[in-house]
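For reference, the chains in residue letters:
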Amino acid sequence: MKLLVIGSGGREHALVWKLKQSMHVEKIWCVPGNGGIAAEAECLTADAGDVASIVRLAEKIHPDLTVVGPELPLVNGLTDAFRLRNWPVVGPSKQAAQLEGSKVFSKEFLLRHKIPTANLYGTYDAARDACDALNGVAWPAVIKADGLCAGKGVFLAPDKTAGKDFIERVMERGELGTGGKRILLEDALEGDELSFMILTDGERYAPLVPTRDHKRAFDGNEGPNTGGMGAYSADDLLPDELRRTILTKILEPTLRGLAADGIPYQGFLYIGLMLTKSSPMVLEFNCRLGDPETQAIVARMDFDLAEVLRDVAAGKLDPSKLRWKRGASVCVVLTSAGYPGKYTSGKPIDGLTSLSEQTGVVVFHAGTKLDSSKILTNGGRVLGVTALGSSLDGALAAVYSATEKIHFDGMHYRKDIGARTSRLKAAGD
Ligand code: AMP
Ligand code: GLY
(Lines give C-alpha, C1' and ligand atoms only; values in the text may rest on other atoms or scores of the structure.)
(Ligands and ions follow the chains in the order given, each with its own letter.)
Protein backbone atom coordinates (compact mmCIF):
# COMPACT_ATOMS: atom_id res chain seq x y z
CA MET A 1 0.00 0.00 0.00
CA LYS A 2 0.98 3.59 -0.63
CA LEU A 3 -0.35 5.75 2.18
CA LEU A 4 -1.05 9.45 2.53
CA VAL A 5 -1.09 10.90 6.05
CA ILE A 6 -2.47 14.41 6.59
CA GLY A 7 -1.03 16.57 9.36
CA SER A 8 2.19 17.88 10.87
CA GLY A 9 2.15 17.16 14.60
CA GLY A 10 3.52 14.61 17.04
CA ARG A 11 0.36 12.57 16.48
CA GLU A 12 1.10 12.29 12.77
CA HIS A 13 4.75 11.41 13.38
CA ALA A 14 3.61 8.61 15.70
CA LEU A 15 1.13 7.36 13.07
CA VAL A 16 3.73 7.44 10.30
CA TRP A 17 6.26 5.64 12.54
CA LYS A 18 3.78 2.85 13.27
CA LEU A 19 2.38 2.59 9.74
CA LYS A 20 5.89 2.28 8.34
CA GLN A 21 6.44 -0.91 10.38
CA SER A 22 3.70 -2.69 8.42
CA MET A 23 4.75 -5.24 5.83
CA HIS A 24 1.82 -4.01 3.73
CA VAL A 25 3.27 -0.52 3.40
CA GLU A 26 5.48 0.36 0.48
CA LYS A 27 5.49 4.15 0.73
CA ILE A 28 4.16 6.98 2.87
CA TRP A 29 3.58 10.59 1.88
CA CYS A 30 2.78 13.17 4.53
CA VAL A 31 1.17 16.58 4.00
CA PRO A 32 2.79 18.78 5.20
CA GLY A 33 4.79 16.72 7.76
CA ASN A 34 7.62 18.05 9.94
CA GLY A 35 11.37 17.68 10.52
CA GLY A 36 11.04 14.21 12.06
CA ILE A 37 8.43 12.86 9.65
CA ALA A 38 10.75 13.88 6.79
CA ALA A 39 13.12 11.08 7.86
CA GLU A 40 10.40 8.42 7.47
CA ALA A 41 8.07 9.66 4.74
CA GLU A 42 8.05 11.93 1.72
CA CYS A 43 6.72 15.28 2.90
CA LEU A 44 4.66 17.22 0.37
CA THR A 45 3.77 20.88 0.65
CA ALA A 46 0.08 21.74 0.82
CA ASP A 47 -2.27 23.34 3.31
CA ALA A 48 -3.74 20.44 5.32
CA GLY A 49 -6.97 22.41 5.88
CA ASP A 50 -7.53 23.13 2.19
CA VAL A 51 -9.68 20.33 0.77
CA ALA A 52 -9.28 21.32 -2.90
CA SER A 53 -5.50 21.31 -2.79
CA ILE A 54 -5.34 17.94 -1.01
CA VAL A 55 -7.71 16.48 -3.61
CA ARG A 56 -5.50 17.84 -6.42
CA LEU A 57 -2.46 16.33 -4.78
CA ALA A 58 -4.14 12.93 -4.30
CA GLU A 59 -5.16 12.96 -7.98
CA LYS A 60 -1.47 13.05 -8.83
CA ILE A 61 -0.08 10.51 -6.36
CA HIS A 62 -3.03 8.04 -6.09
CA PRO A 63 -2.66 6.87 -2.47
CA ASP A 64 -4.21 3.48 -1.70
CA LEU A 65 -5.33 4.82 1.67
CA THR A 66 -5.44 8.27 3.28
CA VAL A 67 -5.37 8.83 7.05
CA VAL A 68 -6.44 12.24 8.34
CA GLY A 69 -4.81 13.39 11.60
CA PRO A 70 -6.10 16.85 12.58
CA GLU A 71 -9.64 18.18 12.95
CA LEU A 72 -9.52 21.04 10.44
CA PRO A 73 -9.51 18.96 7.22
CA LEU A 74 -12.26 16.76 8.72
CA VAL A 75 -14.43 19.74 9.68
CA ASN A 76 -13.77 21.19 6.20
CA GLY A 77 -15.06 18.02 4.51
CA LEU A 78 -11.91 16.30 3.23
CA THR A 79 -13.25 12.77 3.70
CA ASP A 80 -16.52 13.67 1.91
CA ALA A 81 -14.49 14.78 -1.11
CA PHE A 82 -12.50 11.52 -1.03
CA ARG A 83 -15.56 9.28 -0.61
CA LEU A 84 -17.27 11.03 -3.50
CA ARG A 85 -14.38 9.78 -5.64
CA ASN A 86 -14.31 6.32 -4.02
CA TRP A 87 -10.84 6.94 -2.58
CA PRO A 88 -10.22 4.92 0.61
CA VAL A 89 -9.93 7.26 3.59
CA VAL A 90 -10.04 7.04 7.39
CA GLY A 91 -11.90 9.84 9.17
CA PRO A 92 -15.45 11.04 9.80
CA SER A 93 -17.53 13.11 7.39
CA LYS A 94 -17.93 16.88 7.65
CA GLN A 95 -21.31 16.39 9.30
CA ALA A 96 -20.00 13.88 11.87
CA ALA A 97 -16.98 16.10 12.56
CA GLN A 98 -19.42 18.70 13.91
CA LEU A 99 -19.16 16.73 17.17
CA GLU A 100 -15.86 18.58 17.52
CA GLY A 101 -16.41 21.50 15.13
CA SER A 102 -19.35 22.90 17.10
CA LYS A 103 -19.59 22.68 20.89
CA VAL A 104 -23.25 23.66 20.65
CA PHE A 105 -23.93 20.82 18.19
CA SER A 106 -22.18 18.32 20.47
CA LYS A 107 -23.91 19.61 23.61
CA GLU A 108 -27.31 19.36 21.94
CA PHE A 109 -26.39 15.84 20.79
CA LEU A 110 -25.41 14.82 24.34
CA LEU A 111 -28.60 16.24 25.85
CA ARG A 112 -30.85 14.79 23.13
CA HIS A 113 -29.46 11.30 23.73
CA LYS A 114 -29.29 11.62 27.53
CA ILE A 115 -25.54 11.04 27.68
CA PRO A 116 -24.08 12.27 31.00
CA THR A 117 -22.50 15.72 30.61
CA ALA A 118 -22.21 19.01 32.53
CA ASN A 119 -25.47 20.91 33.04
CA LEU A 120 -25.99 23.51 30.30
CA TYR A 121 -27.11 27.03 31.30
CA GLY A 122 -27.57 28.18 27.74
CA THR A 123 -26.06 29.05 24.37
CA TYR A 124 -25.63 32.68 23.32
CA ASP A 125 -25.10 34.62 20.08
CA ALA A 126 -24.78 38.03 21.73
CA ALA A 127 -22.26 39.10 24.39
CA ARG A 128 -24.94 41.00 26.32
CA ASP A 129 -27.17 37.95 26.71
CA ALA A 130 -24.18 35.82 27.71
CA CYS A 131 -23.08 38.37 30.34
CA ASP A 132 -26.65 38.61 31.70
CA ALA A 133 -26.72 34.84 32.05
CA LEU A 134 -23.65 35.00 34.32
CA ASN A 135 -25.97 36.34 37.07
CA GLY A 136 -27.66 32.98 37.38
CA VAL A 137 -24.77 30.49 37.49
CA ALA A 138 -22.78 28.72 40.21
CA TRP A 139 -19.02 29.48 40.29
CA PRO A 140 -16.71 28.34 38.90
CA ALA A 141 -18.51 27.96 35.58
CA VAL A 142 -17.27 26.96 32.15
CA ILE A 143 -17.58 29.14 29.05
CA LYS A 144 -16.95 27.51 25.67
CA ALA A 145 -16.56 29.11 22.29
CA ASP A 146 -18.63 27.17 19.78
CA GLY A 147 -16.14 26.70 16.94
CA LEU A 148 -12.58 25.41 16.51
CA CYS A 149 -10.20 27.59 18.53
CA ALA A 150 -6.96 25.55 18.61
CA GLY A 151 -7.43 24.56 22.26
CA LYS A 152 -8.10 28.13 23.46
CA GLY A 153 -11.88 28.09 23.36
CA VAL A 154 -12.64 26.76 26.86
CA PHE A 155 -12.47 28.97 29.93
CA LEU A 156 -13.00 27.77 33.48
CA ALA A 157 -14.19 31.06 34.95
CA PRO A 158 -13.64 31.49 38.71
CA ASP A 159 -16.13 34.38 39.02
CA LYS A 160 -18.38 36.78 37.15
CA THR A 161 -15.69 39.40 36.46
CA ALA A 162 -13.38 36.86 34.81
CA GLY A 163 -16.32 35.33 32.92
CA LYS A 164 -17.42 38.72 31.60
CA ASP A 165 -13.87 39.54 30.52
CA PHE A 166 -13.59 36.26 28.55
CA ILE A 167 -16.99 36.77 26.90
CA GLU A 168 -16.05 40.30 25.81
CA ARG A 169 -12.67 39.21 24.46
CA VAL A 170 -14.15 36.35 22.51
CA MET A 171 -17.52 37.67 21.38
CA GLU A 172 -16.90 41.41 21.05
CA ARG A 173 -13.21 41.71 20.26
CA GLY A 174 -13.11 38.47 18.23
CA GLU A 175 -9.87 37.28 19.84
CA LEU A 176 -10.59 33.66 18.85
CA GLY A 177 -11.89 34.49 15.37
CA THR A 178 -15.22 33.22 14.07
CA GLY A 179 -15.10 30.24 16.46
CA GLY A 180 -16.03 32.66 19.26
CA LYS A 181 -19.16 34.18 17.70
CA ARG A 182 -21.37 31.90 19.73
CA ILE A 183 -20.67 30.57 23.21
CA LEU A 184 -22.18 28.16 25.67
CA LEU A 185 -22.22 28.31 29.41
CA GLU A 186 -22.13 25.15 31.55
CA ASP A 187 -21.36 23.83 35.01
CA ALA A 188 -17.76 23.10 35.95
CA LEU A 189 -17.08 19.45 36.69
CA GLU A 190 -14.45 18.19 39.08
CA GLY A 191 -12.41 15.01 38.94
CA ASP A 192 -9.64 13.28 37.00
CA GLU A 193 -9.85 13.46 33.23
CA LEU A 194 -9.62 10.46 30.96
CA SER A 195 -9.17 10.36 27.19
CA PHE A 196 -11.19 7.46 25.85
CA MET A 197 -10.80 6.80 22.14
CA ILE A 198 -12.25 4.25 19.78
CA LEU A 199 -11.81 3.24 16.17
CA THR A 200 -14.98 2.45 14.26
CA ASP A 201 -15.95 1.52 10.72
CA GLY A 202 -19.49 2.76 11.29
CA GLU A 203 -20.79 -0.62 12.48
CA ARG A 204 -18.18 -2.23 14.70
CA TYR A 205 -15.87 -0.46 17.10
CA ALA A 206 -12.68 -1.18 19.02
CA PRO A 207 -11.61 0.84 22.06
CA LEU A 208 -7.99 1.98 22.14
CA VAL A 209 -6.00 1.76 25.38
CA PRO A 210 -7.13 4.53 27.79
CA THR A 211 -4.88 7.55 28.26
CA ARG A 212 -4.64 10.64 30.42
CA ASP A 213 -3.48 13.98 29.08
CA HIS A 214 -1.94 16.81 31.14
CA LYS A 215 -3.26 20.08 29.75
CA ARG A 216 -1.76 22.75 32.02
CA ALA A 217 1.63 24.22 31.13
CA PHE A 218 3.32 23.76 34.52
CA ASP A 219 3.82 21.11 37.18
CA GLY A 220 1.03 20.56 39.69
CA ASN A 221 -1.56 21.56 37.06
CA GLU A 222 -0.60 25.21 37.25
CA GLY A 223 -0.57 27.74 34.46
CA PRO A 224 -2.52 28.12 31.24
CA ASN A 225 -4.19 25.36 29.25
CA THR A 226 -2.15 23.96 26.36
CA GLY A 227 -2.79 21.45 23.60
CA GLY A 228 -1.32 18.84 25.97
CA MET A 229 2.03 18.67 27.81
CA GLY A 230 2.21 14.90 28.09
CA ALA A 231 0.12 11.78 28.31
CA TYR A 232 0.35 8.29 29.71
CA SER A 233 -1.41 5.00 29.32
CA ALA A 234 -1.43 2.20 31.87
CA ASP A 235 -3.38 -1.01 32.37
CA ASP A 236 -4.79 0.17 35.70
CA LEU A 237 -5.92 3.59 34.43
CA LEU A 238 -9.35 2.17 33.71
CA PRO A 239 -10.71 -0.40 36.18
CA ASP A 240 -13.14 -2.95 34.68
CA GLU A 241 -16.26 -1.54 36.30
CA LEU A 242 -15.54 2.00 35.13
CA ARG A 243 -14.78 0.67 31.66
CA ARG A 244 -18.16 -1.08 31.56
CA THR A 245 -19.89 2.12 32.69
CA ILE A 246 -18.17 4.13 29.97
CA LEU A 247 -19.13 1.58 27.32
CA THR A 248 -22.77 1.20 28.35
CA LYS A 249 -23.61 4.71 29.57
CA ILE A 250 -21.51 6.81 27.23
CA LEU A 251 -19.97 5.13 24.19
CA GLU A 252 -22.85 2.90 23.10
CA PRO A 253 -25.50 5.64 23.57
CA THR A 254 -23.23 7.91 21.51
CA LEU A 255 -23.00 5.41 18.65
CA ARG A 256 -26.75 4.71 18.86
CA GLY A 257 -27.42 8.46 18.93
CA LEU A 258 -25.34 9.01 15.80
CA ALA A 259 -27.23 6.21 14.04
CA ALA A 260 -30.61 7.58 15.20
CA ASP A 261 -29.67 11.05 13.91
CA GLY A 262 -28.64 9.55 10.55
CA ILE A 263 -24.97 10.50 10.96
CA PRO A 264 -22.68 7.62 9.93
CA TYR A 265 -19.35 7.82 11.79
CA GLN A 266 -16.16 6.20 10.53
CA GLY A 267 -12.69 6.82 11.92
CA PHE A 268 -11.35 7.68 15.36
CA LEU A 269 -13.67 9.14 17.97
CA TYR A 270 -12.21 10.78 21.06
CA ILE A 271 -14.38 11.12 24.16
CA GLY A 272 -12.95 13.49 26.73
CA LEU A 273 -14.31 12.39 30.11
CA MET A 274 -14.37 13.86 33.59
CA LEU A 275 -14.42 11.07 36.16
CA THR A 276 -16.57 12.85 38.71
CA LYS A 277 -17.21 11.37 42.14
CA SER A 278 -20.59 10.07 41.05
CA SER A 279 -19.97 8.99 37.44
CA PRO A 280 -18.00 9.63 34.24
CA MET A 281 -19.32 12.60 32.25
CA VAL A 282 -18.52 13.82 28.75
CA LEU A 283 -16.49 17.04 28.57
CA GLU A 284 -16.02 17.01 24.84
CA PHE A 285 -15.88 14.96 21.68
CA ASN A 286 -13.02 15.15 19.20
CA CYS A 287 -13.42 13.71 15.73
CA ARG A 288 -9.81 12.48 15.65
CA LEU A 289 -7.04 11.05 17.79
CA GLY A 290 -5.65 13.15 20.64
CA ASP A 291 -2.22 14.72 20.64
CA PRO A 292 -0.09 13.77 22.67
CA GLU A 293 -2.30 10.78 23.66
CA THR A 294 -1.65 9.12 20.29
CA GLN A 295 2.09 8.98 20.96
CA ALA A 296 1.42 6.96 24.14
CA ILE A 297 -1.21 4.80 22.40
CA VAL A 298 0.95 3.97 19.40
CA ALA A 299 3.76 2.84 21.72
CA ARG A 300 1.44 0.13 23.05
CA MET A 301 0.07 -1.09 19.70
CA ASP A 302 0.84 -4.73 19.07
CA PHE A 303 -0.91 -4.98 15.71
CA ASP A 304 -0.52 -3.89 12.13
CA LEU A 305 -2.06 -0.42 12.06
CA ALA A 306 -1.99 -0.14 8.27
CA GLU A 307 -3.96 -3.37 7.92
CA VAL A 308 -6.52 -2.31 10.52
CA LEU A 309 -6.99 1.14 8.95
CA ARG A 310 -7.36 -0.41 5.51
CA ASP A 311 -10.12 -2.61 7.00
CA VAL A 312 -11.82 0.44 8.53
CA ALA A 313 -11.82 2.29 5.20
CA ALA A 314 -13.39 -0.80 3.60
CA GLY A 315 -16.05 -1.06 6.36
CA LYS A 316 -14.58 -4.34 7.60
CA LEU A 317 -13.06 -3.62 10.99
CA ASP A 318 -12.22 -6.74 12.97
CA PRO A 319 -11.93 -5.47 16.60
CA SER A 320 -10.06 -8.63 17.65
CA LYS A 321 -7.07 -7.49 15.57
CA LEU A 322 -6.35 -4.64 17.98
CA ARG A 323 -3.91 -6.15 20.46
CA TRP A 324 -1.99 -4.16 23.04
CA LYS A 325 1.33 -4.47 24.85
CA ARG A 326 0.78 -4.89 28.57
CA GLY A 327 2.21 -2.37 31.01
CA ALA A 328 2.42 1.35 30.42
CA SER A 329 3.62 4.09 28.10
CA VAL A 330 4.39 7.77 28.57
CA CYS A 331 4.88 10.75 26.30
CA VAL A 332 6.48 13.91 27.68
CA VAL A 333 6.17 16.98 25.47
CA LEU A 334 9.09 19.40 25.19
CA THR A 335 7.94 22.93 24.41
CA SER A 336 9.43 26.26 23.37
CA ALA A 337 9.78 28.92 26.09
CA GLY A 338 6.59 31.00 26.26
CA TYR A 339 4.23 28.32 24.86
CA PRO A 340 1.15 28.43 24.86
CA GLY A 341 1.73 32.19 24.54
CA LYS A 342 4.31 33.81 22.25
CA TYR A 343 7.47 31.82 21.53
CA THR A 344 10.33 31.93 19.04
CA SER A 345 11.29 29.19 16.61
CA GLY A 346 14.45 28.29 14.71
CA LYS A 347 16.51 27.04 17.71
CA PRO A 348 18.88 24.13 16.98
CA ILE A 349 18.01 20.90 18.84
CA ASP A 350 20.90 18.89 20.30
CA GLY A 351 21.04 15.34 21.62
CA LEU A 352 18.62 13.64 19.23
CA THR A 353 21.19 11.38 17.57
CA SER A 354 22.37 9.86 20.86
CA LEU A 355 18.78 8.76 21.48
CA SER A 356 18.14 6.97 18.24
CA GLU A 357 19.92 3.91 19.66
CA GLN A 358 18.05 3.81 22.99
CA THR A 359 15.62 0.92 22.93
CA GLY A 360 12.09 1.46 24.14
CA VAL A 361 12.30 5.24 23.67
CA VAL A 362 11.11 7.09 20.56
CA VAL A 363 11.21 10.83 20.05
CA PHE A 364 8.23 11.99 18.00
CA HIS A 365 8.61 15.38 16.36
CA ALA A 366 5.87 18.00 16.47
CA GLY A 367 7.08 21.58 15.87
CA THR A 368 10.40 20.87 14.14
CA LYS A 369 11.83 21.45 10.70
CA LEU A 370 14.76 20.01 8.84
CA ASP A 371 17.16 22.75 7.71
CA SER A 372 19.91 21.15 5.56
CA SER A 373 20.99 18.44 7.98
CA LYS A 374 20.03 20.22 11.23
CA ILE A 375 16.75 19.86 13.14
CA LEU A 376 15.39 23.22 14.32
CA THR A 377 12.45 24.09 16.57
CA ASN A 378 9.43 25.21 14.57
CA GLY A 379 6.45 25.49 16.91
CA GLY A 380 5.23 25.60 20.50
CA ARG A 381 5.13 21.87 21.12
CA VAL A 382 8.47 20.70 19.71
CA LEU A 383 9.07 17.03 20.58
CA GLY A 384 7.26 14.17 22.34
CA VAL A 385 9.67 11.82 24.11
CA THR A 386 7.82 8.51 24.35
CA ALA A 387 8.66 5.28 26.15
CA LEU A 388 7.12 1.93 26.84
CA GLY A 389 7.63 0.09 30.13
CA SER A 390 6.38 -2.94 32.00
CA SER A 391 5.11 -0.45 34.60
CA LEU A 392 4.33 3.26 34.64
CA ASP A 393 7.39 3.91 36.83
CA GLY A 394 9.63 2.08 34.35
CA ALA A 395 8.24 4.04 31.40
CA LEU A 396 8.64 7.32 33.32
CA ALA A 397 12.26 6.57 34.25
CA ALA A 398 13.11 5.80 30.61
CA VAL A 399 11.35 8.90 29.30
CA TYR A 400 12.88 11.34 31.77
CA SER A 401 16.40 9.95 31.40
CA ALA A 402 16.07 10.35 27.61
CA THR A 403 14.65 13.86 28.01
CA GLU A 404 17.76 14.97 29.91
CA LYS A 405 19.88 14.23 26.84
CA ILE A 406 17.93 16.61 24.62
CA HIS A 407 18.51 20.33 24.62
CA PHE A 408 17.38 23.48 22.84
CA ASP A 409 17.35 27.08 23.93
CA GLY A 410 14.31 27.74 26.17
CA MET A 411 13.25 24.06 26.35
CA HIS A 412 10.49 23.44 28.89
CA TYR A 413 8.69 20.28 29.99
CA ARG A 414 6.61 19.04 32.90
CA LYS A 415 8.33 16.83 35.43
CA ASP A 416 5.11 15.34 36.79
CA ILE A 417 3.56 13.55 33.82
CA GLY A 418 1.89 10.39 35.11
CA ALA A 419 1.12 11.85 38.54
CA ARG A 420 -2.55 11.93 39.54
CA THR A 421 -3.79 15.49 39.71
CA SER A 422 -7.35 16.62 40.10
CA ARG A 423 -7.26 20.18 41.33
CA LEU A 424 -10.00 22.38 39.99
CA LYS A 425 -8.35 25.57 38.86
CA ALA A 426 -9.34 28.45 36.64
CA ALA A 427 -8.11 27.97 33.07
CA GLY A 428 -5.99 30.56 31.37
CA ASP A 429 -4.78 32.29 34.54
P1 AMP B 1 -12.30 21.09 25.21
O2 AMP B 1 -11.75 22.26 24.43
O3 AMP B 1 -13.76 20.96 25.15
O4 AMP B 1 -11.47 19.94 24.84
O5 AMP B 1 -11.96 21.31 26.75
C6 AMP B 1 -10.65 21.51 27.12
C7 AMP B 1 -10.48 21.25 28.57
O8 AMP B 1 -11.30 22.14 29.31
C9 AMP B 1 -10.91 19.87 29.04
O10 AMP B 1 -9.93 18.91 28.82
C11 AMP B 1 -11.09 20.15 30.51
O12 AMP B 1 -9.84 20.21 31.17
C13 AMP B 1 -11.68 21.54 30.52
N14 AMP B 1 -13.17 21.49 30.58
C15 AMP B 1 -14.04 21.46 29.56
N16 AMP B 1 -15.32 21.42 30.02
C17 AMP B 1 -15.25 21.42 31.36
C18 AMP B 1 -16.21 21.39 32.44
N19 AMP B 1 -17.52 21.37 32.21
N20 AMP B 1 -15.74 21.39 33.71
C21 AMP B 1 -14.43 21.43 33.98
N22 AMP B 1 -13.47 21.45 33.03
C23 AMP B 1 -13.87 21.46 31.74
N1 GLY C 1 -4.73 16.29 23.89
C2 GLY C 1 -6.04 16.74 23.68
C3 GLY C 1 -6.45 16.84 22.29
O4 GLY C 1 -5.82 16.33 21.40
O5 GLY C 1 -7.48 17.46 22.04
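Residues numbered from 1 in each chain as written. Chains lettered and ligands numbered in written order. Predicted model: local features only at pLDDT ≥ 70, side-chain atom pairs only at ≥ 80, totals over all residues. Heavy atoms only, no water.

**Quick word on the overall build of the protein chain**
Right, on to step 1. Across its full length, the protein chain carries 13 helices and 22 strands.
Right, on to step 2. On C-alpha atoms alone, the protein chain measures out to a radius of gyration of 21 Å, which is about the 22 Å that the 2.2 N^0.38 rule sets for 429 residues.
Right, on to step 3. Dimensions along the principal axes, computed over C-alpha positions, put the protein chain at roughly 60 × 45 × 45 Å.
Right, on to step 4. Within the protein chain, buried positions represent 56% of all 429 residues.
Right, on to step 5. Of the contacts made within the protein chain by residues no fewer than 6 positions apart, 68% connect residues no fewer than 24 positions apart.
Right, on to step 6. As displayed, the protein chain offers around 17600 Å² of accessible surface, 49% of which is attributable to carbon and sulfur atoms.
Right, on to step 7. Averaged over its 51 positive side-chain charges, the protein chain has a centre that lies 1 Å from the centre of its 53 negative ones. (Helix = DSSP H or I, 4+ residues; strand = E, 2+ residues; numbered from the N terminus. Rg over C-alpha atoms; globule rule 2.2 N^0.38 Å. Buried < 20%, exposed > 50% of the residue type's maximum accessible area, 1.4 Å probe, protein only. Contact = heavy atoms within 4.5 Å. Areas by Shrake-Rupley, 256 points an atom, 1.4 Å probe, with all protein chains shown as cover. Lys, Arg positive; Asp, Glu negative; His and termini not counted. Charge placed at Lys NZ, Arg CZ, Asp CG, Glu CD.)

**What about the site of ligand 1?**
Right, on to step 1. In the neighbourhood of ligand 1, 14 residues make up the surrounding shell, with Lys103, Glu186, Leu189, Glu193 and Glu284 lying closest.
Right, on to step 2. Summarising the interface, the protein chains cover 90% of the accessible area of ligand 1, which totals 480 Å² for the free molecule.
Right, on to step 3. Looking at the shell around ligand 1, the elements that each hand over two or more residues are β7 (141-145), β9 (183-187) and β17 (280-286).
Right, on to step 4. Its residues placed into classes, the shell around ligand 1 shows 7 nonpolar, no polar and 7 charged.
Right, on to step 5. In this structure, the shell around ligand 1 is formed jointly by two domains, domain 2 (120-189) and domain 3 (190-426), each of which donates at least three residues. (Near = heavy atom within 4 Å. Nonpolar A, V, L, I, M, F, W, Y, C, P; charged D, E, K, R; others polar. Domains from an automatic or database assignment.)

**Here's the deal with the site of ligand 2**
Right, on to step 1. All residues in the neighbourhood of ligand 2 are listed as Asp213, Gly227, Tyr270, Asn286, Arg288, Gly290, Asp291, Pro292 and Glu293.
Right, on to step 2. With respect to ligand 2, the side chain of Asn286 contributes an N or O atom lying 3.3 Å from an oxygen atom.
Right, on to step 3. The contact in question runs from an oxygen atom of ligand 2 to an N or O atom on the side chain of Arg288, over 2.9 Å.
Right, on to step 4. In isolation ligand 2 exposes 200 Å². Once the protein is present, 91% of that is buried.
Right, on to step 5. Here the residues of the shell around ligand 2 sort into 2 nonpolar, 3 polar and 4 charged. (Polar contact = N/O pair within 3.5 Å; in protein donor to acceptor, adjacent residues only side chain to side chain.)

**Thoughts on the sheet that holds strand β3 (residues 42-43)**
Right, on to step 1. In space, the 5 strands of this open sheet follow the order β3-β2-β1-β4-β5, with parallel pairing throughout. Lying at the two open borders of the sheet, with one neighbouring strand each, are β3 and β5 (89-90).
Right, on to step 2. Bridge count between strand β1 (residues 2-7) and strand β2 (residues 27-32): 6 bridges; the pairing is parallel. Looking at β2, one finds that Lys2 is bridged to Lys27.
Right, on to step 3. In the packing of helix α11 (residues 305-313) onto the sheet, contacts are made with β1, β4 (65-68) and β5, and the angle to β4 comes to roughly 95°. (Pairing = 2+ DSSP bridges. Axes fitted to C-alpha atoms, helices over the stretch in contact; angles between N-to-C directions.)

**Regarding the domain arrangement of the protein chain**
Right, on to step 1. Once the domains are mapped, the protein chain shows domain 1 (2-91), domain 2 (120-189) and domain 3 (190-426).
Right, on to step 2. The gap between the C-alpha centroids of domain 2 and domain 3 is 27 Å.
Right, on to step 3. Every contact between the two is made by 7 residues of domain 2 and, on the other side, 10 residues of domain 3.
Right, on to step 4. Summing both sides of the interface, domain 2 and domain 3 together bury roughly 720 Å²; the carbon and sulfur share of this comes to 65%.
Right, on to step 5. Ranking the residues of domain 2 by area buried against domain 3 places Lys144, Leu156 and Leu189 at the top, with a combined share of 69%.
Right, on to step 6. If you look at where domain 2 meets domain 3, you find 0 salt bridges.
Right, on to step 7. Applying the counting criterion to the domain 2 and domain 3 interface returns 1 residue pair in polar contact (both at pLDDT 80 or more).
Right, on to step 8. Considered class by class, the residues forming the side of domain 2 that touches domain 3 number 5 nonpolar, no polar and 2 charged. (Buried area = accessible area lost by both parts, 1.4 Å probe. Salt bridge = Lys/Arg side-chain N within 4 Å of Asp/Glu carboxyl O.)

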